[in-house]
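Residues per chain are reported as follows:
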There are 2 protein chains.
Amino acid sequence: MSTDHWSATEKKIARRAFDAAHERETAAVMEELRRKVAGMKSAKDLWEIENFLYNRRDEVDEKYDYRYSQLIYVFSILHYQGFLAEADLAGLSPDKIEAVKHMGDCFRR
Amino acid sequence: MSTDHWSATEKKIARRAFDAAHERETAAVMEELRRKVAGMKSAKDLWEIENFLYNRRDEVDEKYDYRYSQLIYVFSILHYQGFLAEADLAGLSPDKIEAVKHMGDCFRR
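This one's a predicted model, so the numbers in the text were calculated from it and none came from an experiment.

**Things to note about the overall build of chain A**
Now for step 1: Across its full length, chain A holds four helices and zero strands.
Now for step 2: Counting from the amino terminus, helix and strand elements in chain A follow one another as α-α-α-α.
Now for step 3: Here chain A has a C-alpha radius of gyration of 17 Å; the compact-globule value for 109 residues is 13 Å, and the former is much larger.
Now for step 4: Burial analysis of chain A (109 residues in total) assigns 23% to the buried set.
Now for step 5: Long-range pairs, those at least 24 residues apart, make up 70% of the contacts in chain A with a sequence separation of at least 6.

In structure tokens, the structure reads:
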């Protein structure tokens, strides 16, 4: 399967796309944290924020797996969740882009 | 040892002191969280905040142990850390107050 092979150019594009998605997602977590802290009133709110951050860190750590064997799957999740645009993938082989979009479609079902 | 026996009146005072300390400590955590979030700029800052909150929750959960067998020890820590004033203990037997202060002195050494 040609989605298994990543050329040097594709590796650069993939790394850039991966980092951009990671930056967007952490920015979204930061924004949500700011919003939650602005509305925080009680100890209950405080520990809910702790729980929120703990879970988000766990998700992010688990999701951002930069192994070429996993990248199509990782990119499809990031694309589905809106952290990765199709434009970020420009320059990857058409079958890779297709695979990312196709797998993303499966999440919708 | 008379520090082992808690009268009904002492139990009320102890509960009030315990709850007041807990409220002060969570208020302090909330204040520190607000300060940290106001200065947050990067993903590194974000995950440091997650780590800070996780550790503080762990400490608070472990420390606030409302068993009469543990209360002198718990109160001595809270007094030493500034979350419990001597005035909060007014009405407890003098030996209990002395035990709280004495144990607190040991933390200073």
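**As for the relation of the copies chain B and chain A**
Now for step 1: Superposition record for chain B on chain A: RMSD 0.0 Å, screw rotation 180 degrees, translation along axis 0.0 Å. On this basis, the relationship between the two copies can be described by a two-fold rotation axis.
Now for step 2: Most of the interface of chain B is mirrored in chain A: 100% of its interface residues are interface residues there too.

**Details of the confidence of the model for chain A**
Now for step 1: Mean pLDDT over chain A works out to 94, with 97% of the residues at or above the 70 mark.
Now for step 2: Scoring of the predicted complex yields 0.87 for pTM and 0.86 for ipTM.

**Observations concerning helix α3 (residues 71-80) of chain A**
All names here are of chain A.
Now for step 1: Burial analysis of α3 places seven of its ten residues in the buried class, which makes it a mostly covered element.
Now for step 2: Elements in contact with the buried residues of α3: α1 (8-38), α2 (43-63) and α4 (94-108).
Now for step 3: Gly82, located one to two residues past α3, shows a positive phi value of around 90 degrees.

**A closer look at helix α4 (residues 94-108) of chain B**
Residue and element names in this part refer to chain B.
Now for step 1: Helix length check: α4, at 15 residues, gives a terminal C-alpha distance of 21 Å against a target of 21 Å (1.5 Å per residue), a fit within 8%.
Now for step 2: For α4, the full list of buried residues reads Lys96, Ala99 and Val100. End-on view of α4: buried residues confined to an arc of 100 degrees, all on one side of the axis. Among the exposed residues of α4, those pointing more than 90 degrees away from its buried face are Pro94, His102, Asp105 and Arg108.
Now for step 3: Considering only its buried residues, α4 is in contact with α3 (71-80).

Cut-offs and rules
- Residues numbered from 1 in each chain as written.
- Chains lettered and ligands numbered in written order.
- Predicted model: local features only at pLDDT ≥ 70, side-chain atom pairs only at ≥ 80, totals over all residues.
- Helix = DSSP H or I, 4+ residues; strand = E, 2+ residues; numbered from the N terminus.
- Rg over C-alpha atoms; globule rule 2.2 N^0.38 Å.
- Buried ≥ 20, exposed ≤ 12 C-beta atoms within 10 Å, placed from the backbone.
- Contact = placed C-beta atoms within 7 Å.
- Least-squares fit on C-alpha atoms with pLDDT ≥ 70 in both.
- pLDDT = per-residue confidence, 0-100.
- Expected span 1.5 Å × (residues − 1).
- Arc of directions from axis to C-beta.

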